[in-house]
Amino acid sequence: MALLAVFVARADEGMWLLSKLKEQNIGKMQQMGFKLTAEDIYDVNKPGIKDAIVGLGNAGQPFRHFCSGELISPQGLLLTNHHCGFNAIQSHSTVEHNYLQNGFWAYKMEDELANPGITASILERMEDVTERVNAVLNDNMSSVDRRMAIDSISKILVKEATDGNQLSGQVQSMFEGNQFFLFLYTIYKDVRLVGAPPQSMGKFGGDTDNWMWPRHTADFSMFRIYTAPDGSPAEYSKDNVPLKPKHYLPVSAKGVKDGDFAMIMGFPGTTDRFTTSYGLENTMDVVNDIRYKVRTEKLAVMRKGMQKDTKTRIQYASKYASCANYWKYSFEQNKALKQLKTMENKKAIEQQFTDWVNADAGRKEVYGNVLPMIQKGYADMKEYSMAMTYLNEALRGPESHVFAYRAGRMISELCSKEKNAEEKANIKEALKKMAAGFYKDFNAEVDAELYAVLFRIYNEHVAPELHPEIIDFINKKYKGDYNKFASDLRKNSVFMDEAVFNNFIEHPDCKKMEKDLAYRAGKSYFELWVQLSAYASEMQEKISQGDRLFVRGLMEMQPEKAWAPNANSTIRLTYGKVGSYKPRDAVFYDYYTTLNGVIAKEGPKGGEFEVPERLKELYTRKDFAPYGEGNLNVNFITDNDITGGNSGSGVINAEGHLIGTAFDGNSEAMSGDIDFEENLQRCINLDTRYMLWIVDKYAGAKNLIDEMTIVK
């Protein structure tokens, strides 16, 4: 297959930059049925749809958006996925007020729940700064020098753009470091939980249905953004007021049909479309394979603990869900990559690239060594890549050792004679606050078993020369008995119980702490992480340089092509259509599901397919109006190009109305982050009619219905 055919056949592939829509995409979008203009989506001089699109992040990393959302009212009401709000819902849940099990609804604004640390970013504008950045770069730079130069000029560009205002800026590279864009956001810091259905609805189908179609999941939660009284971003305060957005999305109750135009706007996390066959081999045989094997064991340990009591089930609900998501993703992605022959496709592209390079002496001088450079980089790094993956998945699996090491650095200050009484009192207060947050969702029995299972896995699969000190210690002192080590750690470590920990910091003994098994494990984990990161960084230099030149060459080879950069947690738009599909011979999947399917799938109480009694009562009464007649649509699929981070993204119709919320992809095309498959790729979405019906009829939250603009 010719390289040109490989790329051009996929006309709708791409997570597009908003500032490039007018020149690259709007014509095709309008041919497909879009009724608005590029300026209606993004314009620096007037409000547009982009002003209703929100990136959800954390205070420490506000630009690393973990999910997306959309504003759906003039009072800052935000819609996202249930799994995006899961951690917040879990953090407010107790045995007495189990919002995970029963759902949560604020019928008055004063009942909405604050979530310190969650941020909501809205793009103000973006700017191509490639010329400014490239002016300080050259191809002879080392990767370290290049990073330093980019970091330096980026700080200058951000400072120029944010001085004298309340914007936050970030320069992001595109096309593997060949282009650079400045993104300027308003970042809001007061984001409150407004509503969420019970977990049995919001995660209906659990791990069994995850990454699968057909789906029947009410995957949504609601938040509200608050500002200072003058409309500026502010930390939580009782005096804050609901955000008055520049634009919010009218919510459609009209429904969708096969072939309807659909665009999705959000903050997709990471794709790797330009990866070579050598990078693909690393993804499949190292990252995915190890992650799936280790997490299989980790999930079994957590599941066993969660089955024992309600408290542990609440404590580990969010951790389990997060772990399980990419556990299944890794398995399904490898399966799809093999079935779709992605390795063969990558090698075909590389052969076409090589032929193009060899056809011209000038090109051969610039690009002739690119692919061999990448190949050698991955070969040199393989052993360290495996060790780093086991480090992240296995040695990072328990939690108390990481907490112990981080707390230990502060405890060391308590032992210092240079600190006065007031300083030590402040450190103790900070440690107790840190401990309260950690131990709230911690179970010593579960954590100890994770040590026994996961540390053993690291020992068995990683070469001895890449073992951390703690593994060598267990093998020598305990003769490789990881169960005995875990038992001793649980019984003797001061970091396994909040009361013991708080008592220890009142009478700190740093010599005792150095011998503490949890602290010792944490210290050796971080020491090895630093060592492996340094090795990997050196070896990554060949790969990074090669990737940059490979992508530059591909773009040079097809200068007329509209190129979309890889996702990198910046705001993007994708466009496509609502559509059914045939995943394999004799199988046809329709484009929508209904409430009938929810009832048909019903399983036992407490299981993945539990159906709440109230939902069954409403179904029996057929009380669907005005959101359905005789039945109610639940989920639908489109062929939009999405990835992780797009969870919660708004699905928008040709008129600019919200028709759904994206929440998943289909297993048959889990290769999509690496190789978009236009015939199979489907984005799974919550139908806004199901969301409205749940808010209105199930929850009786008329206050929320009344503040939306509902298009019927």
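These numbers were taken from a predicted model, which means no experiment stands behind them.

Participant: I tried to follow the overall build of the protein chain on my own but got confused; where do I start?
Facilitator: The secondary structure content of the protein chain amounts to 27 helices and 22 strands. Taking 712 residues into account, the globule formula puts the C-alpha radius of gyration at 27 Å, and the protein chain, at 26 Å, falls close to it. Over its C-alpha atoms, taken along the principal directions, the protein chain stretches across nearly 75 × 70 × 60 Å. Looking at the protein chain residue by residue over its 712 residues, the buried ones come to 58%. Counting only carbon and sulfur atoms, one obtains 49% of the accessible surface of the protein chain, whose full area is about 29,800 Å².

Participant: Just to check I follow, could you spell out the pattern of salt bridges for this structure?
Facilitator: What the rule picks out here adds up to 41 salt bridges. A salt bridge links Lys257 to Asp260, with the shortest nitrogen-to-oxygen separation between them at 3.2 Å. For Asp623, the salt bridge goes to Arg621, with nearest N and O atoms at 4.0 Å.

Participant: I would appreciate a short explanation of the environment of Phe442 in the present structure.
Facilitator: By the secondary structure assignment, Phe442 is in the loop between helix H17 (421-439) and helix H18 (444-461). Along the primary structure Phe442 and Asn358 are separated by 84 residues, whereas in three dimensions their C-alpha atoms are 59 Å apart. The contacts of Phe442, once residues within four sequence positions are left out, are Gln315, Tyr316, Lys319, Glu399, Ser400, Asp447 and Met496.

Participant: Honestly, the pairing of strand S9 (residues 190-196) in this entry has me stumped. Any pointers?
Facilitator: Most of S9 is tucked away, with 7 of its 7 residues classed as buried. Alignment of strand S4 (residues 104-105) against S9, held across 2 bridges, turns out to be antiparallel. Looking across to S9, one finds that Trp105 is bridged to Gly195. Note: strand S5 (residues 113-114) against S9, 2 bridges, orientation antiparallel. Across the sheet, the residue bridging to Ala114 is Arg192, located in S9. Pairing geometry for S9 and strand S10 (residues 221-227), over 5 bridges, is antiparallel. By the bridge assignment for S10, Leu193 is matched with Phe223.

Participant: Before we go on, may I ask you to explain the environment of Gly27 in this structure?
Facilitator: Turning to its location among the elements, Gly27 is positioned in helix H3 (residues 26-31). Separated by 11 residues in the primary sequence, Gly27 and Ala38 place their C-alpha atoms 9.3 Å from one another.

Participant: How should I be thinking about the packing of helix H11 (residues 277-306) against helix H12 (residues 310-339) in this particular structure?
Facilitator: Working note: a packed helix pair is described by the angle between its axes plus the distance between those axes. Between H11 and H12, the shortest axis-to-axis distance is 8 Å and the interhelical angle comes to 150°. One way to sum up the angle between H11 and H12 is to call them roughly antiparallel. The interaxial crossing formed by H11 with H12 has left-handed handedness. Each residue belonging to the contact of H11 with H12 can be placed in one class, and the counts come to 16 nonpolar, 9 polar and 8 charged.

Participant: Mind showing me how you'd approach the state of the cysteines here?
Facilitator: Here is the idea: a disulfide is a covalent bond, and it sits between the sulfur atoms of two cysteines. Taken as a whole, this structure holds 2 disulfides when the rule is applied. Sequence-ordered numbering of the bonded cysteines in the protein chain yields a pairing of 1-2, 3-4. Take Cys323: it sits in no disulfide, and the sulfur closest to it among the cysteines is that of Cys67, at 17 Å. Among the cysteines around Cys683, which has no disulfide bond, Cys84 carries the closest sulfur, lying 12 Å off.

Participant: Help me understand the environment of Ser221, please; the structure alone is not making it clear to me.
Facilitator: Assignment of secondary structure puts Ser221 in strand S10. Residue class for Ser221 comes out buried when judged on its relative accessible area of 0%. Along the chain, Ser221 and Asn282 lie 61 residues apart, while their C-alpha atoms are 36 Å from each other. Not counting chain neighbours up to four residues away, the residues in contact with Ser221 comprise Leu78, Leu79, Thr80, Asn81, His82, Gly85, Ile89, Gly195 and Ala196. One polar contact links the side chain of Ser221 to the main-chain carbonyl oxygen of Asn81, over a distance of 2.8 Å.

Participant: Which parts of the structure should I look at to understand the pairing of strand S18 (residues 633-638)?
Facilitator: Strand residues, when the strand is regular, have side chains that alternate between the two faces of the sheet. Buried residues dominate S18, accounting for 6 of its 6 residues. Here 4 bridges tie S18 to strand S21 (residues 683-687), and the two strands are oriented antiparallel to one another. Bridging from a neighbouring strand, Ile637 pairs with Ile684 of S21.

Participant: It is not clear to me how the packing of aromatic side chains should be interpreted in this structure. Could you clarify?
Facilitator: In this description, an aromatic ring pair is defined by two values, namely the gap between the centres and the angle between the planes. Under the definition given, this model contains 41 aromatic pairs. Relative to Tyr367, the ring of Phe353 lies with its centre 6.2 Å away and its plane at 70°, an arrangement referred to as edge-to-face. Taken together, the residues Phe353 in helix H13 (residues 342-358) and Tyr367 in helix H14 (residues 361-367) connect sequence positions 14 residues apart. Taken individually, Phe353 and Tyr367 each receive the classification buried, so the pair is uniform in this respect.

Participant: Quick question: what am I supposed to make of the confidence of the model for the protein chain here?
Facilitator: Segments scoring low in pLDDT should not have their predicted coordinates read at a detailed level. The pLDDT averaged across the protein chain works out to 95; a share of 98% of its residues lies at or above 70. pLDDT under 50 marks residues 1-11. Its contacts with residues more than four places away, or in other chains, come to 22 contacts.

Participant: How should the side chain of Asn653 be read in this particular structure?
Facilitator: Locating Asn653 in the fold gives a position in the loop between strand S19 (650-652) and strand S20 (658-665). Of the polar contacts made by the side chain of Asn653, one reaches the backbone nitrogen of His657; its length is 2.9 Å. Among all residues touching Asn653, those that are not within four sequence positions of it are Phe34, Ser252, Phe261 and Ile659.

Participant: Just checking my understanding: could you explain unusual backbone geometry for this structure?
Facilitator: As a rule of thumb, non-glycine residues mostly have phi less than zero, and peptide bonds are mostly trans rather than cis. Following Trp213, the chain continues to Pro214 via a peptide bond in cis, the omega torsion being 10°. Of note, Pro214 is situated in the loop between helix H10 (206-209) and S10. Cis geometry is found at the peptide bond from Ala625 to Pro626, where omega equals 0°. Tracing the chain through its elements places Pro626 in the loop between helix H25 (613-621) and S18.

Participant: Even after reading the chapter, I still don't get the nonpolar core, so can you show me in this structure?
Facilitator: Note that soluble globular proteins tend to have their nonpolar side chains buried in a common cluster. Counting 203 residues, the largest nonpolar core has Ile41, Met222, Met263, Tyr458, Phe495 and Tyr690 as the members making the most contacts within it. Of the residues forming this core, the biggest block, 16 residues, is contributed by helix H23 (residues 517-557). Once residues within four sequence positions are removed from consideration, Tyr458 is found in contact with Ala387, Tyr390, Leu391, Ala394, Leu395, Leu466, His467, Pro468, Ile471 and Leu528. Formed by 14 residues, the second largest nonpolar core is a distinct cluster that contains Leu137, Ile153, Ala161 and Leu182.

Participant: Looking at this structure, I do not really get H11. What am I missing?
Facilitator: Three- or four-residue spacings in an α-helix give side chains the same orientation, since the helix completes a turn every 3.6 residues. End to end, H11 covers 41 Å across 30 residues, agreeing with the expected 44 Å (1.5 Å per residue, within 8%). Helix geometry: H11 is bent most strongly at Thr283, by close to 30°.

Participant: For this particular structure, what's the right way to read the packing of H11 against helix H15 (residues 370-395)?
Facilitator: Viewed as axis vectors pointing N to C, H11 and H15 meet at an angle of 10°, and their least axial separation amounts to 9 Å. As far as their axial angle goes, H15 and H11 are roughly parallel. Facing Tyr278, Gly279, Asn282, Val286, Val287, Ile290, Arg291, Val294 and Arg295 of H11, the residues of H15 in contact are Leu371, Ile374, Gln375, Tyr378, Ser385, Met386, Thr389, Tyr390, Glu393 and Ala394. In the contact of H11 with H15, the residues fall into 11 nonpolar, 5 polar and 3 charged.

What counts as what
Residues numbered from 1 in each chain as written. Predicted model: local features only at pLDDT ≥ 70, side-chain atom pairs only at ≥ 80, totals over all residues. Heavy atoms only, no water. Helix = DSSP H or I, 4+ residues; strand = E, 2+ residues; numbered from the N terminus. Rg over C-alpha atoms; globule rule 2.2 N^0.38 Å. Buried < 20%, exposed > 50% of the residue type's maximum accessible area, 1.4 Å probe, protein only. Areas by Shrake-Rupley, 256 points an atom, 1.4 Å probe, with all protein chains shown as cover. Salt bridge = Lys/Arg side-chain N within 4 Å of Asp/Glu carboxyl O. Contact = heavy atoms within 4.5 Å. Pairing = 2+ DSSP bridges. Axes fitted to C-alpha atoms, helices over the stretch in contact; angles between N-to-C directions. Parallel < 35°, antiparallel > 145°, perpendicular 65-115°, else oblique. Left-handed = near helix turned anticlockwise from the far one by under 90°. Nonpolar A, V, L, I, M, F, W, Y, C, P; charged D, E, K, R; others polar. Disulfide = S-S within 2.5 Å. Polar contact = N/O pair within 3.5 Å; in protein donor to acceptor, adjacent residues only side chain to side chain. Phe/Tyr/Trp six-rings, centres within 6.5 Å; stacked < 30°, edge-to-face > 60°. pLDDT = per-residue confidence, 0-100. Core = buried A, V, L, I, M, F, W, Y, C linked by side-chain atoms within 4.5 Å. Expected span 1.5 Å × (residues − 1). Bend = angle between axes of the 7 residues up to and from the residue.

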